[in-house]
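Listed below are the residues making up each chain.
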Amino acid sequence: MAYERSSLRYAHTNGYTSLTFTEDDESIITCGSDGDIRVWKGIDDDDPSSTCLGEFVMCIAHSSKRLLASTDRNTVQSYTYPELESDGTLMRFTAPVTCLRVHEKYIAAGSDDTNIKVLKSDDNKSEMHLQGHSGPVLALDICYKGELLASIAGDGYLKIWKLSEEGAEVKSIAGLPKINSFENAEHFGTPSFEPQNSKSLAYVHGKEIIVLNTDTWEVKFTLSDDRVKGEYTCCRFSKDGQYLAAGTDKGEISVYDFMRKQALKTEPPSSECQAITCISWNAAGSELAYCDVTGQLGTLFRTKGSNGAVFADGEAEEVDFGDIEFNNEDNDDLISGSGFDGVDENHIGGDDDDDDGISIERLKSQVMRNAVGYSDGQEENTRDSLPKSMHSEIEPQVHVKTFKQQPAFQPGATPTHLEHRYLVWNDVGIVTAHTEGADGSLDVEFHDASVHHSLHIPNYSNHNMASLSASVLALSAENATKLVCIALAASGNKEWSVSFPDCESTEALVATNKLVGVATSMQFLRLFTVMGTQREIISIPGPVVALAGHEDRILVVYHSAPPGTLQQHLSAMLIQTAGMQLRTQHLPVPLTPERRLTWLGFSDCGSPVFSDSMGLIQLYSLKSKCWYPICDTLKQSQSVSNNYFVIAVSERSQIIQAVLCRGSSYPMTNPRPMTQELTVQLPVCDADVEKSEIEDTLVRASIMNVDNADKTIKETAIKLFALACRTEVEMRAKELIETIACPELLLLAVKYASKLGRIHLSDRLSELMPQLEEQNQRERQELQEFEQQHNTTFSPLVRSQSPSLGHSSMSGNRIAPKAMELTHARRASLKRFAMSNSPVTFGKKSMIMSTAERIASPTPTPANSETIESQENIPDNNVEKLDANSDELKDVTRTPLNAVNPFAAKRKHSEVDPTNKGGVLINGGKLKIAKK
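Caption draft 1: Spotlight on the overall build of the protein chain. Along its length, the protein chain carries 14 helices and 56 strands. The contacts of the protein chain with a sequence gap of at least 6 include a subset with a gap of at least 24, amounting to 47%. Accessible surface for the protein chain amounts to roughly 46,800 Å². Of this, 49% is attributable to carbon and sulfur atoms.

Written as structure tokens, this is what we have:
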């Protein structure tokens, strides 16, 4: 028995396609991403009837004179058949319905919002909600008696529900592939109950079909076919339960004789057939219809093989031997599966063999006898006489499952098969491609219309790759050997192009305000200036995955090694140019297992950032040279079926710009969705606790270039200190102050501890001041040595770190700023104070008076008065500088007067101590000697 394929027919546009046979086997009904329902009278039907139900139809089910379909309105609609007139709404969900199953007693539907709803066929008002999955529902099935429902979801679980007990969960089996949206799913699992007695449940996993015993939920056996190369995506029992069919992601279909547990011969797929998405049997089990991911429809027909045909798996085709007789021993050997060497070849073929016919059985017998090494006259016909290697069962080859290697992609772009798609969407603007027949166009829109106006470009060269910056628009196409750039800020001839030598083609593309980079099929990175001057040509160590750029930096992510069983091995090259000089730094890319890279870019401060397929965003700190997970976008979504399309990341404002995609991974071009702002939040433990929220703010301010980082660190640190004091964890409070090592923070902590009456903690903290001073001095020396060593190796990157924190930026990994650093205004004030105490020459008199002497003297002598007056009249160039920084001096809390005694009473800058007649007056940023 064998199955042959029919020719493929175009049914729907690219995307997930589903189908089903009608109950009378007269028609095949298909649905797809174009929103049409088509009814085929057979595979040869050249004019199927078509009805549009919406923007897309995910799944359908046929029952007597009613057709159920899931539409873009997130509902299950009922239609009359064959009229296809609307007959009401059965169920409503918050996301698209992904699977449907109709039974005599129930109607079940699963959605991308993780929910499963079950309706009783006789009463459409009573509805059961099956909640337990944490991922989109991929497939489901109801057993023959209607007691059990099996579902597979994107959370990697197969769950069994008992409908007779209001949907109670019976069994949960883990280990299936995980996915966050139905659109990204490649393997649907498709649980299928054996339709006759429901004693078996089959589902696909990898290259195997696993069959469970529904009484014990243990594995009965597994089915596999060595002739298939792909992994199974779906499976389905025939309606009589005799056959089980499964499709692969390479377009192959396996048909198993379920009782004999053997794979039957099937015709291999053509090159046009892609991953199988759905399978349906007719009632007789003689025909199998299927659809693939490109929207094509095909069938498999059961045919009888020619006499003597032999399958690759050792199964003999049923042959009509006519009047040929077999002796009992030979028949017993054949039935027991002992082989063909026990057959009396004089009875096979006999006189029927002539020049035109050869007995296959005789040839096999001769070959096996010659292989063993005895003649036809010997009587060693038993199985024991064969070598062990001949009659022993062949061990199946172990196939190591590896993670699928990710091809190159453009960050901020949508899939290439869409007619209207985004070539790039970033913080500068949007480039949209429209494909209408042979003609196409590109629309370029900028977020800031005052800088550049919008562009409409005819796409004569069929560009499907683009990169946009404020200076240049770079265009190319996959497998194209030409790069076209439009300099936006230039005058005169703005467009330039280059052709690659030796048939190199474009793999990835990036454009910044200063550079244009192209990764080619030769694993070269070609760098150009914005106006087209060729710069370096760099070899990439592996197949490129994506490119990103920021000003004079380019980040190249590539495959550093073949993928493992659970993850890819990615690395990155961080390239920076300075004139004609170039520096490179190699970075590992810590991609989470079982995830793909979906976005790559830079923050507004120039830090590399990437996002994976599960919405986790990670940032690379150029100071600490570490990757930090800074946001899990899925946790900020109300549904696991929603995804965020990342556009830009801002370190200063701690905001991530993204587009919310409901039930999909990519935004639609029409209508264009609005961007949303997500807050940066580290995946800290106990995120809902006040302590964790403060710790999250503290750590983010220390590792990222946050606005007012110094102020944020002090505020959050003192909050943590106060929280530890309130919860009576004094050692944690002391440890926090030691870790931050900031003298100003130490003074606040001592004051706060004294106010709470915790004298012991206050005394312990007071003892830390000398240690902090020594520690800060040692850390400054180590930092200077570290910078001197690394400036020679990669100085541009170190210097280019954005100084968003000004003079108070942190050094190394230390959270607090340098404890004893003085601001510019503080240095100027101390310098002025020192100058006021310097020797002054007035005429022939030269006098040196220290500050202590002037303060100790209650009434200055005439000479002193004369000296003070003369000093006030001396012109000082530093006064103008101090006036410019007067506003900054107002924020200074510690002055040279109260620095010695931190617990001294506060003095107003505008007042003079009346007991100190010759004291120092600080007012408006100027230091003056008070006159009598």
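Caption draft 2: Focus on the sheet that holds strand E46 (residues 597–602). As summarised here, the arrangement of the four strands in space is E46-E47-E48-E49, forming an open sheet in which the pairing is antiparallel. The two strands at the open ends of the sheet, each matched to only one other strand, are E46 and strand E49 (626–632). Strand-to-strand twist of the sheet, defined as the mean angle between neighbouring strand axes without regard to direction, takes the value 25 degrees. Where E46 lies against strand E47 (residues 608–612), five bridges are found, and the strand directions are antiparallel. Bridge assignment links glycine 601 to a residue of E47, and that residue is valine 609.

Caption draft 3: Representation of a negative patch on the surface in the model. On the surface, a cluster of negative charge is contributed by Asp686, Asp688, Glu690 and Glu693. Residue classification places aspartate 686 among the exposed residues on the basis of a relative accessible area of 57%.

Caption draft 4: Inspection of the packing of aromatic side chains at higher detail. Across all of its chains, the model carries 13 aromatic pairs by this definition. Ring plane angle 70 degrees and centroid distance 6.2 Å describe the contact between phenylalanine 721 and tyrosine 752, whose orientation is recorded as edge-to-face. Separated by 31 residues along the polypeptide, phenylalanine 721 in helix H5 (residues 709–726) and tyrosine 752 in helix H7 (residues 743–755) bring together distant segments of the chain. The ring of phenylalanine 93 is capped by lysine 117, whose NZ or CZ atom sits 4.7 Å from the centre of that ring.

Caption draft 5: Looking closely at unusual backbone geometry. With an omega of 10 degrees, the peptide bond between tyrosine 81 and proline 82 qualifies as cis. One non-glycine residue with positive phi stands out, namely glutamine 654, at about 55 degrees. Looking at the element boundaries, glutamine 654 is found in the loop between strand E50 (643–650) and strand E51 (655–661). You will see that glutamate 728, though not glycine, has its phi angle at about 60 degrees, which is positive.

Caption draft 6: Region of interest: a positive patch on the surface. A surface patch of positive charge is lined by Lys207, Lys229, Lys250, Lys404 and Arg596. Assignment of secondary structure puts lysine 207 in the loop between strand E20 (200–205) and strand E21 (208–213). Relative accessible area serves as the criterion here: at 31%, lysine 207 is assigned to the partly exposed category.

Caption draft 7: Spatial organisation of the pairing of strand E23 (residues 232–237). With six of its six residues buried, E23 lies for the most part within the structure. Two strands pair when backbone bridges link them, and E23 and strand E24 (residues 243–248) are joined in this way by five bridges, in the antiparallel orientation. Bridge assignment links tyrosine 232 to a residue of E24, and that residue is threonine 248. Between E23 and the antiparallel strand that follows it, E24, lie five residues; glycine 241 among them carries a positive phi value of about 75 degrees.

Caption draft 8: Just the sheet that holds strand E4 (residues 28–31), in detail. Judged by pairing direction, the sheet is antiparallel, and its four strands sit side by side in the order E3-E4-E5-E6 without closing on themselves. The strands lining the two open edges of the sheet, one partner per strand, are strand E3 (18–21) and strand E6 (49–52). For this sheet the average axis-to-axis angle between neighbouring strands, irrespective of direction, equals 15 degrees. The sheet contact formed by strand E5 (residues 36–40) and E6 spans four bridges and is antiparallel. Note that in E6 the partner of isoleucine 37 across the bridge is threonine 51.

Caption draft 9: Quick peek at the side chain of threonine 299. Its location among the elements puts threonine 299 in strand E29 (residues 296–303). A distance of 2.8 Å separates a polar atom in the side chain of threonine 299 from a polar atom in the side chain of serine 6.

Caption draft 10: Highlighting the pattern of salt bridges. Tallied over the full model, the rule gives 20 salt bridges. Between aspartate 225 and arginine 227 there is a salt bridge; the shortest N-O distance is 3.2 Å. Aspartate 225 sits in the buried class, given a relative accessible area of 10%. Arginine 227 sits in the partly exposed class, given a relative accessible area of 33%. Between arginine 526 and glutamate 504 there is a salt bridge, with the nearest N and O atoms lying 2.8 Å from each other. Placement of the pair is arginine 526 in strand E40 (residues 524–529) and glutamate 504 in the loop between strand E37 (495–499) and strand E38 (506–511), with a sequence separation of 22 residues. The class of glutamate 504 is buried, set by a relative accessible area of 2%. A single salt-bridge network, built from bridges that share partners, covers Asp34, Asp36 and Arg38.

Caption draft 11: How the structure looks around the nonpolar core. In terms of nonpolar packing, the biggest core is built from 24 residues, with Phe721, Ile737, Leu746, Leu761 and Leu765 touching the most fellow members. Ranked by residue count, the leading element in this core is H5, at six residues. Apart from the residues lying within four places of it in its own chain, the contact partners of leucine 765 are Phe721, Lys734, Ile737, Leu746, Ala749 and Val750. With 19 residues, the next largest nonpolar core counts Ala572, Val589, Leu597 and Phe602 among its residues.

Caption draft 12: Representation of helix H4 (residues 690–703). Along its 14 residues, H4 runs 20 Å from first to last C-alpha, staying within 8% of the 20 Å computed at 1.5 Å per residue. Burial in H4 covers these residues: Ser692, Ile694, Asp696, Leu698, Arg700, Ala701, Ser702 and Ile703. Looking at the buried residues of H4, the elements they touch are strand E48 (616–621), E49, H5 and helix H6 (730–740).

Caption draft 13: Examining the side chain of serine 702 more closely. As for its placement among the helices and strands, serine 702 is situated in helix H4. Judged by its relative accessible area of 11%, serine 702 is buried. At 2.6 Å, the side chain of serine 702 and the backbone oxygen of valine 699 are in polar contact.

Caption draft 14: Region of the structure containing the environment of lysine 239. The residue lysine 239 is located in the loop between E23 and E24 in this model. Between the C-alpha atom of lysine 239 and that of tryptophan 281, which follows or precedes it by 42 residues, the distance is 7.0 Å. With residues up to four places along the chain from it excluded, the contact list for lysine 239 reads Pro195, Gln196, Trp281, Asn282 and Ala283.

Caption draft 15: Structural detail: H6. Among all positions in H6, only Ala733, Lys734, Leu736, Ile737 and Ile740 are buried. Taken around the axis of H6, the buried residues stretch over an arc of 155 degrees, which confines them to a single face. Contacts made by the buried residues of H6 are with H4, H5, H7 and helix H8 (759–766). Phi turns positive one or two residues past the end of H6, at alanine 741, with a value near 55 degrees.

What counts and how
- Residues numbered from 1 in each chain as written.
- Predicted model: local features only at pLDDT ≥ 70, side-chain atom pairs only at ≥ 80, totals over all residues.
- Heavy atoms only, no water.
- Helix = DSSP H or I, 4+ residues; strand = E, 2+ residues; numbered from the N terminus.
- Contact = heavy atoms within 4.5 Å.
- Areas by Shrake-Rupley, 256 points an atom, 1.4 Å probe, with all protein chains shown as cover.
- Pairing = 2+ DSSP bridges.
- Axes fitted to C-alpha atoms, helices over the stretch in contact; angles between N-to-C directions.
- Patch = residues over 30% accessible without salt bridge, like charges linked within 9 Å, V, L, I, M, F, W, Y side chains within 5 Å.
- Salt bridge = Lys/Arg side-chain N within 4 Å of Asp/Glu carboxyl O.
- Lys, Arg positive; Asp, Glu negative; His and termini not counted.
- Charge placed at Lys NZ, Arg CZ, Asp CG, Glu CD.
- Buried < 20%, exposed > 50% of the residue type's maximum accessible area, 1.4 Å probe, protein only.
- Phe/Tyr/Trp six-rings, centres within 6.5 Å; stacked < 30°, edge-to-face > 60°.
- Lys NZ or Arg CZ within 6 Å of the ring centre and 35° of its normal.
- Polar contact = N/O pair within 3.5 Å; in protein donor to acceptor, adjacent residues only side chain to side chain.
- Core = buried A, V, L, I, M, F, W, Y, C linked by side-chain atoms within 4.5 Å.
- Expected span 1.5 Å × (residues − 1).
- Arc of directions from axis to C-beta.

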